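This is what each chain is made of:
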Amino acid sequence: MRTLIFGAALLVAACSQEATAPTPDAAAPATNTEAAAPATGAPALAGAYTFFGDNLTAASCSLVLDGRAIEGAPGFYGVTLGTALVTAGVAGEVPCEEAYPFLSVLTGWEDLDDDGIRLIGAEGSVFGDFRLADGAYSGVIAYDGKTYGLAPETL
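Please read these numbers as outputs of a predicted model, since none were measured by experiment.

Peer 1: Help me get a handle on the pairing of strand S6 (residues 117-120), residues and values and all.
Peer 2: Sheet analysis places strand S5 (residues 108-111) next to S6, joined by 4 bridges and oriented antiparallel. Bridged to tryptophan 109 within S6 is leucine 119. Sheet analysis places S6 next to strand S7 (residues 126-133), joined by 4 bridges and oriented antiparallel. Paired with arginine 118 across the strands is aspartate 129, a residue of S7. Adjacent in sequence and paired antiparallel, S6 and S7 are bridged by 5 residues, among which glutamate 123 carries a positive phi angle near 55°.

Peer 1: Give a detailed account of the packing of aromatic side chains, specifying residues and quantitative values.
Peer 2: Tallied over the full model, the rule gives 10 aromatic pairs. Ring centres of phenylalanine 51 and tyrosine 148 lie 5.2 Å apart, and the angle between their planes is 15°; on these two criteria the pair is classed as stacked. Highlighted residues: phenylalanine 51 in strand S1 (residues 47-53) and tyrosine 148 in strand S9 (residues 147-152), separated in sequence by 97 residues. Exposure class is identical for phenylalanine 51 and tyrosine 148. Each is buried. Plain terms: the ring middles of tyrosine 100 and phenylalanine 102 are 5.6 Å apart, the flat faces sit at 55° to each other, and that makes the pair tilted. Tyrosine 100 sits in the buried class, given a relative accessible area of 8%.

Peer 1: If you had to explain unusual backbone geometry to someone new, which residues and values would you point to?
Peer 2: With a phi angle near 55°, glutamate 123 is a residue other than glycine that sits in the positive phi range. Take glutamate 123: it is sitting in the loop between S6 and S7. Its identity as a non-glycine residue notwithstanding, aspartate 134 has a phi of 55°, on the positive side.

Peer 1: How would you explain the confidence of the model for the protein chain if you had to name every residue and give the values?
Peer 2: Looking at the protein chain as a whole, the pLDDT averages 75, with 70% of positions reaching at least 70. Across the protein chain, the element-wise mean pLDDT spans from 34 in helix H1 (residues 2-15) up to 96 in S6. With pLDDT under 50 throughout, residues 1-39 is counted as low confidence; its partners more than four residues away or in other chains account for 60 contacts.

Rules behind the numbers
- Residues numbered from 1 in each chain as written.
- Predicted model: local features only at pLDDT ≥ 70, side-chain atom pairs only at ≥ 80, totals over all residues.
- Heavy atoms only, no water.
- Pairing = 2+ DSSP bridges.
- Helix = DSSP H or I, 4+ residues; strand = E, 2+ residues; numbered from the N terminus.
- Phe/Tyr/Trp six-rings, centres within 6.5 Å; stacked < 30°, edge-to-face > 60°.
- Buried < 20%, exposed > 50% of the residue type's maximum accessible area, 1.4 Å probe, protein only.
- pLDDT = per-residue confidence, 0-100.
- Contact = heavy atoms within 4.5 Å.

Listed below in structure tokens is the structure:
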């Protein structure tokens, strides 16, 4: 079943357009609304991902786990939300926050010691821990207690 979910996630990711965002000035710190190139010493897990629920026909959201540390928060990195490809009902693209309103609280992420990803919500709260399983990261989020996935986007 996980292989089927991962395969469907990759198919949805391949069909979606990559999110684009303005490039920040070199002197400006990265925020959760600006995509930035990974900095020297960036965590290995930084990059483009697809966020998806267990109902893969609903929507998949592109997001970037930024490789630049958040100023004043060592070990925490920014998150940039892109667009969601909606395939149920009226198909099309919408902002990620429209497809998954709870993503609007994401403020960052951190690399867990066991190659996991922890998404950080408002005021530093844990949004969810994602662990690698069958090529994608899977985790239960605090918002609704449901399982969601993060699949690395490939070129």
